[in-house]
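Chain by chain, the residues run as shown.
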Amino acid sequence: MNEAARTMLRRRIAEQRDELVRFLSELVRAPSPNPPGDTRAACAVLQRWLDAAGAPYRIVAPRPDAPNILGSFAGARPGPHLVLNGHFDTFPTAAADRWSHDPYGGEVAQGRVWGTGSSDMKQGTASLVALYGWLYAMRDQLAGRLTLTAVSDEETFGPHGARWLVEHHAEEVLGDCLLNAEPGAPTTVRFGEKSPLWLAIRVSTPGCHGAYTHKSASATKIAAAIIEALAELERIAVSLPGPIAEAIENGAAEIDAVHAAGAAATMGRVTLNIGGWNGGTLVNMLPGDCTVEADIRVPWGLSSESMIAAARDIVARFPEAELTVLSRQEPRWSDPTHPMVGHLRRNAEQIAGLLVRPIPSLAGTDARLWRECGVPAFTYGTTATNVAMPDEYTDIAEWLDVVAIQALSALDYLCDGEGS
Ligand SMILES: [Zn+2]
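Please read all numbers here as calculations on a predicted model, not as lab measurements.

1. Some words on the environment of Leu199
- With respect to the element layout, Leu199 can be found in strand E9 (residues 195-204).
- For the pair Leu199 and Ser327, spaced 128 residues apart in sequence, the C-alpha to C-alpha distance is 7.1 Å.
- Not counting residues up to four positions away in its chain, the partners in contact with Leu199 are Ala294, Ile296, Ala311, Leu323, Thr324, Val325 and Leu326.

2. Some thoughts on helix H14 (residues 396-416)
- Taking 1.5 Å per residue as the helical rise, H14 with its 21 residues ought to reach 30 Å, and the 30 Å between its terminal C-alpha atoms agrees with that figure.
- Among the 21 residues in H14, 18 count as buried, and that is most of the element.

3. Digging into unusual backbone geometry
- Cis geometry marks the peptide bond from Asn34 to Pro35; its omega dihedral reads 0 degrees.
- Mapped onto the elements, Pro35 comes out in the loop between helix H2 (17-28) and helix H3 (40-53).
- With an omega dihedral of 5 degrees, the bond running from Pro35 to Pro36 counts as a cis peptide bond.
- Mapped onto the fold, Pro36 is located in the loop between H2 and H3.

4. Quick look at the packing of helix H12 (residues 339-352) against H14
- As a packed pair, H12 and H14 sit with axes 8 Å apart at the nearest point and diverge in direction by 135 degrees. Between H12 and H14, the angle is such that the two are oblique. Seen along the crossing, H12 lies across H14 with a hand that is right-handed. Taken together, the residues of H14 that come into contact with H12 (itself represented by Pro339, Met340, His343, Leu344, Asn347, Ala348, Ile351 and Ala352) are Asp401, Ala404, Ile405, Leu408, Ser409, Asp412 and Tyr413.
- Here the residues of the contact of H12 with H14 sort into ten nonpolar, three polar and two charged.

5. Focus: the environment of Asp89
- Within the secondary structure, Asp89 is located in the loop between strand E3 (77-87) and strand E4 (108-109).
- Considering only alpha carbons, one finds Asp89 and Ala150, 61 residues apart in sequence, at a separation of 9.8 Å.
- In contact with Asp89, other than residues within four places in its own chain, are Ser32, Asn34, Gly37, Thr39, Ser152, Asp153, Glu154 and Glu155.

6. Let's talk about the domain arrangement of the protein chain
- According to the domain assignment, the protein chain contains domain 1 (3-192 + 331-416) and domain 2 (195-327).
- With 14 residues of domain 1 at the contact, the number on the domain 2 side is 18 residues.
- Among the secondary structure elements, those contributing two or more residues to the side of domain 1 that touches domain 2 are strand E8 (188-193) and strand E16 (357-361).
- When residues of the side of domain 1 that touches domain 2 are assigned to their parent elements, the largest contribution, four residues, is made by E16.
- Residue composition of the side of domain 1 that touches domain 2, grouped by class: eight nonpolar, five polar and one charged.

7. Comments concerning the nonpolar core
- Residues Leu179 and Ala410 are the most contacted members of the largest nonpolar core, which totals 83 residues.
- At 14 residues, H14 tops the list of elements feeding residues into this core.
- Both domains that meet at this core, namely domain 1 (3-192 + 331-416) and domain 2 (195-327), each give it at least three residues.
- Grouped together as the second largest cluster of nonpolar side chains are 20 residues, Leu230, Cys290, Val298 and Ala321 included.

What counts as what
Residues numbered from 1 in each chain as written. Predicted model: local features only at pLDDT ≥ 70, side-chain atom pairs only at ≥ 80, totals over all residues. Helix = DSSP H or I, 4+ residues; strand = E, 2+ residues; numbered from the N terminus. Contact = placed C-beta atoms within 7 Å. Expected span 1.5 Å × (residues − 1). Buried ≥ 20, exposed ≤ 12 C-beta atoms within 10 Å, placed from the backbone. Axes fitted to C-alpha atoms, helices over the stretch in contact; angles between N-to-C directions. Parallel < 35°, antiparallel > 145°, perpendicular 65-115°, else oblique. Left-handed = near helix turned anticlockwise from the far one by under 90°. Nonpolar A, V, L, I, M, F, W, Y, C, P; charged D, E, K, R; others polar. Domains from an automatic or database assignment. Core = buried A, V, L, I, M, F, W, Y, C linked by C-beta atoms within 7 Å.

Next up, the structure:
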């Protein structure tokens, strides 16, 4: 039904191939490591593309050096509201002395664009900005509304990026469906994320001289016993919702490919990481104070509340210990049979011959903020290559396929409406 529009869009993408690669290279050459998070140079590169396309947007900058781009336009008739989301801050350059390419050179070589953030996720944000411009030019043929959110402040889970937009501009940015372009693997569309639950456990005892172990219990020894006991959390039985269990079973190979071997086995259970440990002052003093920080990842089918209760029960066995909740979220997922998933799968097959599976994800993206508000949210992107490692890159041929898959899926969603 929208074949003419699809053909026009594919032609446009093919015509702009070289321009797209230059765009990504230029974006990589505009450093935006976070921290410290000054993203103005990268934002200016994105703005130049939007200006050239004549597409509407404005800057929302609760922090002046970390601007966000918010753009929106309506189609010619009523229909669903699709929102695009990507970030253009990056991790700081990892191990700069071990790169064989300039981290901020935006070098195009060996069929790749090299540099910090080239994979996570300047490629994804560049493609969403480009597709927003292309679809703006075709707005007469579209139903509904398309909104672009290109944000700073993602890498540190800061409050001034997507969270700011969702909390302060909800009417404009929530929409009916979110497409996020974080890298992962183009053979997967990610529809849910485990949720981090962060706890601090502080142990206090009188403490004393290190030779007088009869005088005081040791805070560090108690903390060690608590860490061992907390491992019980990893054995909590989980009753996964049907679609999640099915996706993990069917997508095990893809899950391991995206998240490294062993990920599928980990996906459906609770994991515990002791991310912090701080106790003791001197080797010959018996510590009276020790703090442990636990990063617990909660799978679907459990709640943060039940996990906190289980952790409290364990910590209660140690009268010298006190538990504080640092941060909590709920594990969420969107319907893997949503029309957007269907569009992505069909286009991936047509454009690149890829079989795409819907899978849940271990780590968090800004897509979770939309799910928290009840908006179906999906992540589709290129292979994550050397993210937060030396010689990060994006493969150009794969990226151009993904750009086309994302753009045509957005077009299909806005041409056909939700029910197709
Ligand atoms: Zn990212």
